[in-house]
Amino acid sequence: MSGHSKWASIKHQKGAKDKARGKLFAKLIRQIEVCAREGGGDVNANATLRTMVTKAKAASVTNDTIERAIKRGTGELEGVSYEAITYEGYAPCGVAVLVEVLTDNRNRTGAEMRNMFTKNGGSMAEPGSVSWQFDRKGVLLVPRRFAEDDVLMAALEAGAEDVADGGEEWRITTEASALDAVKAALEIAGIEVTSAERPLVASTEITLATPEEAKRVLKVLDALDDHDDVQDVYSNADIPDDVLDLVEA
């Protein structure tokens, strides 16, 4: 399983804690506002907004809260103006890291990002020095109870690039623009899609062979992910199952 999917799994486990303290809601609402501001408030015409609304509903954000976030984004309601920034850096072991943030204070957030990288054993990098290693992709997850042949047929005929074994789920990769079409094809075939997102996926990965290496890298990723302005953290770390099990133990 790739570093992205492992990190996503770890974030999913952290999600329960984030949700309990309202942090996950705040991140989702902020993302909805920015999507609406940049692409309009019509979910049918704005694919990025549609994805975020679906994600928010899955996290039990109420329809009223979502509607207010969209209206703040389109200017129908007064709200804070957020700026999207991507920070680049390195964790230990040469692991490349991209951090997507939404902030109302670029200088404050930039200083805090640099401090978190440095304090946790990483380092900030110049713009462009890390981002070339990542591509925006569509990633869908399907429960393993669905037959591999059925998933393959529906996904590949709709334009998916790859279907991989993700442990408890099938992990389907597409071009970012093909995500909605592949999701629709799977649902028409009666196949449940538990997650459909457009993350940044590393073209090459660095395998962390020991629990010590994994812990050092995860220390940086966890610290960054816990920041209120941070929306997503991506890395090219690949943590094998046996190493991850030892870390979690």
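Enquirer: What exactly am I supposed to notice about the overall build of the protein chain here?
Expert: When helices and strands are tallied, the protein chain shows 9 helices and 11 strands. Relative to the globule expectation of 18 Å for 249 residues, the C-alpha radius of gyration of the protein chain, 18 Å, shows essentially globular dimensions. Overall, the C-alpha framework of the protein chain stretches about 50 × 45 × 35 Å when taken along its three principal axes. Contacts in the protein chain between residues at least 24 apart in sequence constitute 71% of all its contacts with a sequence separation of at least 6. By element, 49% of the accessible surface of the protein chain is carried by carbon and sulfur atoms, the whole surface being about 12300 Å².

Enquirer: Any chance you could explain the side chain of Thr 174 here in plain terms?
Expert: Among the secondary structure elements, Thr 174 is positioned in strand β6 (residues 169-175). Ignoring any residue separated from it by four or fewer positions in sequence, one finds Thr 174 in contact with Lys 137, Gly 138, Leu 140, Ala 160, Glu 161, Leu 179 and Val 182.

Enquirer: Would you take a moment to explain the sheet that holds strand β1 (residues 83-91) for this structure?
Expert: Taken in spatial order, the 4 strands line up as β3-β1-β2-β10 in an open sheet, and their pairing is antiparallel. Because the sheet does not close on itself, it has two edges, and the strands there are β3 (123-124) and β10 (230-235). Direction of pairing for β1 relative to strand β2 (residues 95-103): antiparallel, over a ladder of 9 bridges. Its bridge partner being in β2, Tyr 90 is matched across the sheet by Ala 96. Packing of helix α5 (residues 106-119) onto the sheet brings it into contact with β1, β2, β3 and β10, and relative to β1 it is tilted by some 15 degrees.

Enquirer: Help me understand the pattern of salt bridges, please; the structure alone is not making it clear to me.
Expert: Oppositely charged side chains are able to pair whenever their charged atoms sit close together. Counted according to the given criterion, the structure contains 16 salt bridges. The closest approach of N and O atoms between Glu 192 and Arg 145, which form a salt bridge, is 2.4 Å. On the criterion of sequence distance, the pair formed by Glu 192 in the loop between α7 (179-188) and β7 (195-197) and Arg 145 in the loop between β4 (134-143) and α6 (148-157) is long-range, its members being 47 residues apart. Taken together, the shared-partner salt bridges connect Arg 30, Asp 104, Arg 108, Glu 112 and Asp 229 into one network.

Enquirer: Got a minute to help me understand the nonpolar core in this structure?
Expert: For soluble globular proteins, the rule of thumb is that nonpolar side chains tend to be buried together. Counting 25 residues, the largest nonpolar core has Val 97, Val 99, Met 113 and Leu 224 as the members making the most contacts within it. Those elements that provide at least two residues to this core are β1, β2, α5, α8 (211-225), β10 and α9 (241-248). In terms of residue count, the dominant contributor to this core is α8 (6 residues). Once residues within four sequence positions are removed from consideration, Val 97 is found in contact with Tyr 87, Glu 88, Gly 89, Tyr 90, Ala 91, Phe 117, Val 130, Leu 221, Leu 224, Val 233, Tyr 234 and Ser 235. Residues Leu 140, Ala 155, Leu 179 and Ala 196 belong to the second largest nonpolar core, which totals 16 residues.

Enquirer: I tried to follow the packing of helix α3 (residues 47-58) against helix α4 (residues 63-74) on my own but got confused; where do I start?
Expert: Packed helices, taken two at a time, are described by the angle their axes make and the gap between the axes. Their axes nearest at 10 Å, the elements α3 and α4 cross at an angle of 150 degrees. One element, α3, and the other, α4, form an angle in the roughly antiparallel class. Crossing geometry of α3 relative to α4 is assigned as right-handed. Every residue of α4 that contacts α3 at Leu 49, Val 53, Ala 56 and Lys 57 is listed here: Asn 63, Ile 66 and Ile 70. Looking at the contact of α3 with α4 residue by residue, the classes come out as 5 nonpolar, 1 polar and 1 charged.

Enquirer: Looking at this structure, how should I read the packing of aromatic side chains?
Expert: Within a pair of aromatic rings, the relevant descriptors are the distance that separates the centres and the angle that separates the planes. Under the counting rule described, the total for this entry stands at 0 aromatic pairs. Directly above the ring of Trp 170 sits Arg 144, whose terminal nitrogen or CZ lies 4.3 Å from the centroid.

Enquirer: Is there a simple way to explain helix α2 (residues 23-39) in this structure?
Expert: Residue pairs spaced three or four apart in an α-helix point in one direction, given the helix's 3.6 residues per turn. Compared with the 24 Å implied by 1.5 Å per residue over 17 residues, the 24 Å span of α2 between its first and last C-alpha is a close match. Buried within α2 we find Lys 23, Lys 27, Leu 28, Ile 29, Arg 30, Gln 31, Ile 32, Glu 33, Val 34, Cys 35 and Ala 36.

Each value, and the rule that gives it
- Residues numbered from 1 in each chain as written.
- Predicted model: local features only at pLDDT ≥ 70, side-chain atom pairs only at ≥ 80, totals over all residues.
- Heavy atoms only, no water.
- Helix = DSSP H or I, 4+ residues; strand = E, 2+ residues; numbered from the N terminus.
- Rg over C-alpha atoms; globule rule 2.2 N^0.38 Å.
- Contact = heavy atoms within 4.5 Å.
- Areas by Shrake-Rupley, 256 points an atom, 1.4 Å probe, with all protein chains shown as cover.
- Pairing = 2+ DSSP bridges.
- Axes fitted to C-alpha atoms, helices over the stretch in contact; angles between N-to-C directions.
- Salt bridge = Lys/Arg side-chain N within 4 Å of Asp/Glu carboxyl O.
- Core = buried A, V, L, I, M, F, W, Y, C linked by side-chain atoms within 4.5 Å.
- Buried < 20%, exposed > 50% of the residue type's maximum accessible area, 1.4 Å probe, protein only.
- Parallel < 35°, antiparallel > 145°, perpendicular 65-115°, else oblique.
- Left-handed = near helix turned anticlockwise from the far one by under 90°.
- Nonpolar A, V, L, I, M, F, W, Y, C, P; charged D, E, K, R; others polar.
- Phe/Tyr/Trp six-rings, centres within 6.5 Å; stacked < 30°, edge-to-face > 60°.
- Lys NZ or Arg CZ within 6 Å of the ring centre and 35° of its normal.
- Expected span 1.5 Å × (residues − 1).

What is shown is where atoms sit, not what they do.
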